[in-house]
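The residues making up each chain are set out below.
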Amino acid sequence: MPIQHAAIFDLDGVLTDTAELHYQSWQELMDQLGIPFDRQVNESLRGLSRPESLEVILGSRSADFSDAWKQDILRRKNENYIERVRRMTPADLLPGVENLLRALRERGVGVAVASSSRNTGLVLERLGIRPLLDVVVDGNDVPKSKPDPGVFLEAARRLALPPARCVVIEDAAAGVEGAQRAGMRVVGVGPAERVGKADLVRKRVAEVGIEDLLGLFDEGTA
Ligand code: G6P
Ligand code: MG
C-alpha cells in the first residue's frame, strides 16, 4: 500500500547536534578575523543557508567586504565544518532518534529529511541512517533556504503526498515558519522562545513520541 502520511525531519539540531559544530566553526573563524560572534548570534542562524548566515554575522559590516572575500570565508567555514563532521559516528545520533525513525517505518509512515545544509549527504552517511529514510532533500536541491517552504514542498512532492499529510520536526524558527508556509503541521524542538509558533513544542527530540506525530496526522486529515 502506498504511504498515507510522512514525518519530515530537519537535520541539524534535530537528528544530531551539528548545530553545535556549525557554531564552533563560525566561532573559530570569527575569532581569527576579529569579528564579534557569540552563541546568541548563532541561535539566529539555525535553518539559514551558509551565505545568509555570513550576512547575519556581518550585519552592517557587510558592505565593507568584497564578494571575493566573502566567498573565501564561506569556503573556510565549510572546510572547518567538514573536518568536524568527518569525526562523527552513528553514536552522534541524538537519543531517541533511531527508535522514532524505526517506529514510524513500522507503522508505514514515510520518513524524510529536509535540510538547508549542502552537507546533508555527508552527515547522513556519518550517522549511518540513510537506509531508514525514504526521501532526502537538501540545500543543493532547492534555490531558497528556510523560511522559504520550498525544501518541505519538494520533500512532499518526492513522497507523492499532499503537504497536509506531512508533519515536520524542526529546531529552527525559520524551519517552523517554512513548514507552516508549506501547509504542514510542525513539532518544534527546543525552547518556546525559538520554536513556540509550532503546533507542538518539545524540549528535546527524545521527548517527541510517535503518538505526538500520529495525533498531528489525525488533526490534519480530520
Ligand atoms: C542548516 C543549519 C544552519 C546551516 C545551514 C547550511 O540549516 O541549521 O545553521 O547554516 O544548514 O549548512 P551548510 O552545511 O550548507 O553550511
Ligand atoms: Mg535545524
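Every value quoted in this text rests on a predicted model; they were computed, and no experiment measured them.

A. Up close: the layout of surface pockets. Here the largest pocket defines a volume of roughly 570 Å³. If you trace the largest pocket, you find 33 residues lining it, with Leu48, Ser49, Arg50, Ser116 and Ser117 closest to the centre. Elements with a minimum of two residues in the lining of the largest pocket: helix H1 (18-33), helix H3 (50-58) and helix H4 (67-86). If you tally residues by element for the lining of the largest pocket, the top one is H3, at four residues. Residue classes in the lining of the largest pocket are distributed as 10 nonpolar, 12 polar and 11 charged. Both of domain 1 (6-16 + 93-220) and domain 2 (18-85) provide at least three residues apiece to the lining of the largest pocket. Reported here for the second largest pocket is a volume of approximately 190 Å³. Residue lining of the second largest pocket: 13 residues in total, with Gly13, Leu94, Val189, Lys203 and Arg204 positioned closest to the centre.

How each quantity is defined
Residues numbered from 1 in each chain as written. Chains lettered and ligands numbered in written order. Predicted model: local features only at pLDDT ≥ 70, side-chain atom pairs only at ≥ 80, totals over all residues. Heavy atoms only, no water. 1 Å grid on protein atoms, 1.4 Å probe; cavity = no way out; pocket = protein on both sides within 12 Å on 5 of 7 lines; lining within 4 Å. Points joined across faces, edges and corners; volume = space filled by probe spheres on them. Helix = DSSP H or I, 4+ residues; strand = E, 2+ residues; numbered from the N terminus. Nonpolar A, V, L, I, M, F, W, Y, C, P; charged D, E, K, R; others polar. Domains from an automatic or database assignment.

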